[in-house]
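Analysis of the macromolecular model
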Amino acid sequence: MTLTLQQLNSAAPAEALRLLDGLYEHSPWIAEQALAQRPFASLAALKHAMVTVLAHASVDAQLALIRAHPELAGKAMVSQSLTAESTNEQQKAGLTNCTPEELTHIQQLNARYIARFGFPFILAVRGPRGTGLPKREIIATVERRLGNPVDFERAECLRHIHRIAEIRLNDKFGFEPAVGNEVWDWHEDLARHSDPEFAERGELTVTYLTDAHRACAGDLVVRMRACGFDKVGIDAVGNVVGVYNAAPHPSPLPEGEGAKTLLTGSHFDTVRNGGKYDGRLGIFVPMACVKQLHAAGRRLPFAIEVVGFAEEEGQRYKATFLGSGALTGHFNPAWLDQQDADGVTMRDAMRHAGLPATLEAIGVLQRDPSKYLGFVEVHIEQGPVLNEMDLPLGVVTSINASVRYQCAAIGMASHAGTTPMNRRRDAASAVAELALYAEQRASADGDSVATIGMLQVPGGSINVVPGRCLFSLDLRAPSNAQRDALERDILAQLRAICERRGIGLTLEETMRAAAAPSAPDWQARWENAVTALGVPLHRMPSGAGHDAMKLHEVMPQAMLFVRGLNSGISHNPLESTTSDDMELCVNAFSHLLDQIASEHR
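This text gives an overview of the structure that appears in the document. (Residues numbered from 1 in each chain as written. Predicted model: local features only at pLDDT ≥ 70, side-chain atom pairs only at ≥ 80, totals over all residues. Heavy atoms only, no water.)

Before going further, it helps to spend a moment on the overall build of the protein. On a plain count of helices and strands, the protein comes out with 23 helices and 16 strands. In terms of overall dimensions, the protein is globule-like: its C-alpha atoms have a radius of gyration of 27 Å, near the 25 Å expected for 601 residues. Summarising its shape, the C-alpha atoms of the protein cover approximately 80 × 75 × 45 Å along the three principal directions. Counting over 601 residues, the protein shows a buried share of 53%. For the protein, contacts bridging at least 24 residues in sequence account for 77% of all contacts bridging at least 6. Carbon and sulfur atoms make up 52% of the accessible area of the protein, which totals about 25700 Å². (Helix = DSSP H or I, 4+ residues; strand = E, 2+ residues; numbered from the N terminus. Rg over C-alpha atoms; globule rule 2.2 N^0.38 Å. Buried < 20%, exposed > 50% of the residue type's maximum accessible area, 1.4 Å probe, protein only. Contact = heavy atoms within 4.5 Å. Areas by Shrake-Rupley, 256 points an atom, 1.4 Å probe, with all protein chains shown as cover.)

Turning to the packing of aromatic side chains, a few remarks are in order. Within this structure, the stated rule accounts for eight aromatic pairs. Judged by centre distance (5.2 Å) and plane angle (80°), the ring pair of Tyr113 and Phe121 falls under edge-to-face. Like Phe121, Tyr113 is buried. With a centroid separation of 5.8 Å and 25° between ring planes, the pair formed by Phe117 and Phe119 is classed as stacked. Three or more aromatic residues joined by ring pairs form one cluster here, namely Tyr113, Phe117, Phe119 and Phe121. One cation-aromatic arrangement involves Arg159 over Phe152; the distance from NZ or CZ to the ring centre is 5.5 Å. Above the ring of Trp522, the side-chain terminus of Arg525 is found at 4.3 Å from the ring centroid. (Phe/Tyr/Trp six-rings, centres within 6.5 Å; stacked < 30°, edge-to-face > 60°. Lys NZ or Arg CZ within 6 Å of the ring centre and 35° of its normal.)

Glancing now at the nonpolar core. Among the nonpolar cores identified, the biggest contains 81 residues, and Met346, Met350 and Trp526 are the most heavily contacted of them. Sorting elements by how many residues they give to this core places helix α23 (residues 579-599) first, with ten residues. If we skip the residues at most four places from it in the chain, Met346 touches Tyr208, Tyr317, Ala319, Leu322, Phe331, Trp335, Leu336 and Gln338. One finds Leu20, Met50, Leu54 and Tyr113 within the second-largest nonpolar core, a separate group that totals 50 residues. (Core = buried A, V, L, I, M, F, W, Y, C linked by side-chain atoms within 4.5 Å.)

For helix α10 (residues 150-173), with 24 residues, the first-to-last C-alpha span of 35 Å sits near the 34 Å given by 1.5 Å per residue. Burial analysis of α10 places 18 of its 24 residues in the buried class, which makes it a mostly covered element. In the segment just after α10, Gly174 is the residue with positive phi, at about 65°. (Expected span 1.5 Å × (residues − 1).)

Let us now look at helix α7 (residues 84-92). Along an α-helix, a turn takes 3.6 residues, which lines up residues three or four apart on a common side. Residues Ser86, Glu89 and Gln90 constitute the buried set of α7. Viewed end-on, α7 has its buried residues packed into an arc of 95°, placing them on one side of the element. Once α7 finishes, Gly94 follows within two positions and takes phi at roughly 80°, a positive value. (Arc of directions from axis to C-beta.)

Relative to the elements of secondary structure, Thr205 occurs in the loop between α12 (196-199) and α13 (211-227). A distance of 2.8 Å separates a polar side-chain atom of Thr205 from the backbone nitrogen of Asn273. When near neighbours in sequence (up to four residues on either side) are disregarded, Thr205 contacts Ser194, Asp195, Phe198, Thr270, Val271, Arg272 and Asn273. (Polar contact = N/O pair within 3.5 Å; in protein donor to acceptor, adjacent residues only side chain to side chain.)

Turning our eyes to something else, we now look at the state of the cysteines. One pass over the full model with this rule turns up zero disulfides. Cys407 supplies the cysteine sulfur nearest to Cys469, a cysteine that is in no disulfide, at a spacing of 9.8 Å. Exposure remark for Cys469: the relative accessible area of 0% places this residue in the buried category. (Disulfide = S-S within 2.5 Å.)

Another aspect to go through is the side chain of Asp278. The residue Asp278 is located in the loop between β3 (261-267) and α14 (281-295) in this model. Of the side chains bearing the opposite charge, Arg280 lies closest to the buried Asp278, which forms no salt bridge; the N-O distance is 8.5 Å. A polar contact is formed between the side chain of Asp278 and the side chain of His571, at a distance of 3.1 Å. When sequence neighbours within four positions are dropped, the list of residues in contact with Asp278 reads His267, Glu313, His379, Ile380, Gln382, Ser570, His571 and Glu575. (Lys, Arg positive; Asp, Glu negative; His and termini not counted. Salt bridge = Lys/Arg side-chain N within 4 Å of Asp/Glu carboxyl O.)

This model, assessed by the stated rule, comprises 40 salt bridges. When the shortest N-O distance is used, the salt bridge between Lys47 and Asp580 registers 3.5 Å. Placement of Lys47 in helix α4 (residues 43-55) and of Asp580 in helix α23 is noted, with a sequence separation of 533 residues between them. Relative accessible area serves as the criterion here: at 5%, Asp580 is assigned to the buried category. The closest approach of N and O atoms between Glu553 and Lys550, which form a salt bridge, is 3.3 Å. Within the structure, one salt-bridge network assembled from shared partners comprises Arg483, Asp484, Glu487, Glu509 and Arg512.

Moving on to the environment of Leu35. Structurally, Leu35 can be placed in the loop between α3 (29-34) and α4. On the basis of relative accessible area, Leu35 is assigned to the buried category, the value being 8%. Distance from Leu35 to Ala49, taken between C-alpha atoms, is 8.1 Å for residues 14 residues apart in sequence. Setting aside anything within four residues of it in sequence, one finds Leu35 in contact with Leu8, Ala16, Leu17, Leu20 and Phe40.

Among the seven residues of strand β4 (residues 303-309), seven are classified as buried, and the element is accordingly described as predominantly covered. Of the two faces of β4, both are covered, the one formed by Ala303, Glu305, Val307 and Phe309 as well as the one formed by Ile304, Val306 and Gly308. Of the pairings in the sheet, the one linking strand β2 (residues 240-244) to β4 comprises five bridges and is antiparallel in character. Paired with Val240 across the bridge in β4 is Gly308. Of the strand pairs in this sheet, β3 and β4 are connected by seven bridges, and their pairing is parallel. The residue bridging His267 from the neighbouring strand is Phe309, located in β4. Taking the sense of rotation as the criterion, the β-α-β connection linking β3, α14 and β4 turns out right-handed. (Pairing = 2+ DSSP bridges. Right-handed = clockwise from strand over helix to strand, strands pointing away.)

On to the packing of helix α19 (residues 427-443) against helix α20 (residues 480-501), then. In helix packing, the relevant descriptors are the interaxial angle and the interaxial distance, both defined with respect to the helix axes. Between α19 and α20, whose axes approach to 10 Å, the crossing angle comes to 155°. What the angle tells us is that α19 and α20 run roughly antiparallel. Like other packed secondary-structure pairs, α19 and α20 cross with a definite hand, here right-handed. Residue-level inspection shows Ser429, Ala430, Glu433, Leu434, Tyr437, Ala438, Arg441 and Ala442 of α19 in contact with α20, the latter providing Ala485, Leu486, Asp489, Ile490, Gln493, Leu494, Ile497, Arg500 and Arg501. Along the lines of polarity and charge, the residues of the contact of α19 with α20 split into ten nonpolar, two polar and five charged. (Axes fitted to C-alpha atoms, helices over the stretch in contact; angles between N-to-C directions. Parallel < 35°, antiparallel > 145°, perpendicular 65-115°, else oblique. Left-handed = near helix turned anticlockwise from the far one by under 90°. Nonpolar A, V, L, I, M, F, W, Y, C, P; charged D, E, K, R; others polar.)

Any link to function would need more than the numbers given here.
In C-alpha cells form, the structure reads like this:
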C-alpha cells in the first residue's frame, strides 16, 4: 500500500519513523528529526525538511552517513548484502549485470576514490529521470569527480544522497513526476538535432537558421499543435509562436477591448557544445501547462502566447537577442548584412530558410505592450546557488546590469634572461595584477562579479617578457549604479597599474546592458506560487542575460529559476536538472496562471 501525507502527518512518532524507514542508508536519525516539523503540506516540504536536518548536522555526522553507503558494484553487491533500496538502484543502472572487465574497472575507480577522499563514491544512479544511468556515464562521472576538492566532493555526495532519498520517497508515496518526465523527454527528443560537425562528435550545437535549427523549429510547431495551441507558426525571424486563446467573453466587447495576453517563452538555439536545458526549459514548461488546460477543456480570461525565440546566444551572427529583440522593435537592420564564418549573410540564411528577409516583414513582429499583461520566463539557473542550497526553485529579483570590454595592454617585449625585474614593461603581469584586483573588488560588493575570461599574449615565447597582452573584461551587478561603481573602480585601477608599470592601454566597450529588475507584482506572483508548493522561498539575482531583458524594455517581466545539477553548470554538456524539479516548475507556472485568472474574474 502506498503512503499518503495524511497518514504520515497523523501517525504516532514511532510509526511515522517506520513509514520512512530506508530513505537514508542506515541513518534513521535524519527522518526522525525531520518528522518534528510535521505536518507537511506537500511531499516537497517533507523532502526539504530532511535536507535541512542534514545541512545542520556536524561534519562527522555527514561523513558517517556517506560511509554508510555501499560502493557502487562493490563487495556488498557481490555478496548480495545490499539493502533492498540499494539493490533496486544498482539493478536499474545495470550495475548488477557488469561484465568482469566493467566490474574490475569500477572497483579500481572505487579504490582510487576512497584513497583520495576517505569515503565511498556516492551517485544517484537512477539519474535525473529516475530510470537509471547508463554504465558508461557512471564510470565517466567517477573519473570526473576524482579531480574535485575534498570539501566540494563531500558536499556533492550529500546532494546525491538527497536525490537518492527523493527517489526512494517517491517510491514510498507511489508518486511519479509524470509531467516532469514528459518535459524531460521533450528536451531529450529535441536534442537529437545538432549542427553537423558537432553531431558527429555527439555534441549539441544549434545555431541560427542552420538545418538543425530549422528542424528544432519544426518539431516545436508539431508539439505545440499536439498540446492544443489554437495558433502555431514560425514568424519572419524564425521564432516559433504558439497562442492558446482566452475564454470567450460572456458579452460582446467594444473593438480593441478584448482579453489581454500573457507572453512567455525562451530560446531554443544553443552555444557550441552546450546543454539541453538552457532556454528550452522556458518553452516546454508553459507548453506543458497549455497541454493540461487543453486536456481539461479549460480556458483562462487571458490568452497565453509561448514564443520559442530563434536566437539569443549570438553564436552564428553577432546578433544576440535577435528573436526577442524583433518583438520589442529592436531588430538592427545592419544584422542582415553580417556574414557567418562561411561568408553566408544573415539575409541569405533567412531566404534559404524560407523567411522574407525584409525589414517590413520583421517590423510587423513588434508587439503592442498595451495588449499584454506582461512577460514571464522560466530558466535553468546556470549557476551553483540553488544546487548548493538544495533548493529546487528560485525567484529572480533582477537580471544583472553588465558591461564588456575588449582590451590591450602594450608593454615592451624583451629578453627574459637579461632584463632585470625592475626594468621590465611586462604587459601580462599588468593584466594579472588587474585580475586579482577585479576579483577582490567584486567579492567585496554584494552579488557583483568581474571576469577576465580571455587573456592572450600574441606571439608569446617562454623566454620573452610579454610585450602585449589582449584581454577581456566582463562586469555585472544587480543594478546600473552598482555596475557603474564597479566599472569605475576597476578601470581606474587598470589605468593606475598601467601608468605605474609604463604600460600602454586600449579599451573598446563592446556591450552595455541595463539591469532588468523584476516587476514587483509579477515577482510576488512567482513567490506565491513557490510558497504554495511547500518549497522554501529563495530570492536571487540573475547574473546571466535572458530574453526577459529585452521584453523588460516594453512590459513588466519576472523570472523563475530551476535548480541545475553538477554544480548548476551550464553552456556545457553536463548541464542537467531532474524531472522532479521540472514537475515543481510546471506546478509553479500553473499556480501563477491561476493567480492571474483569479485577478481577472
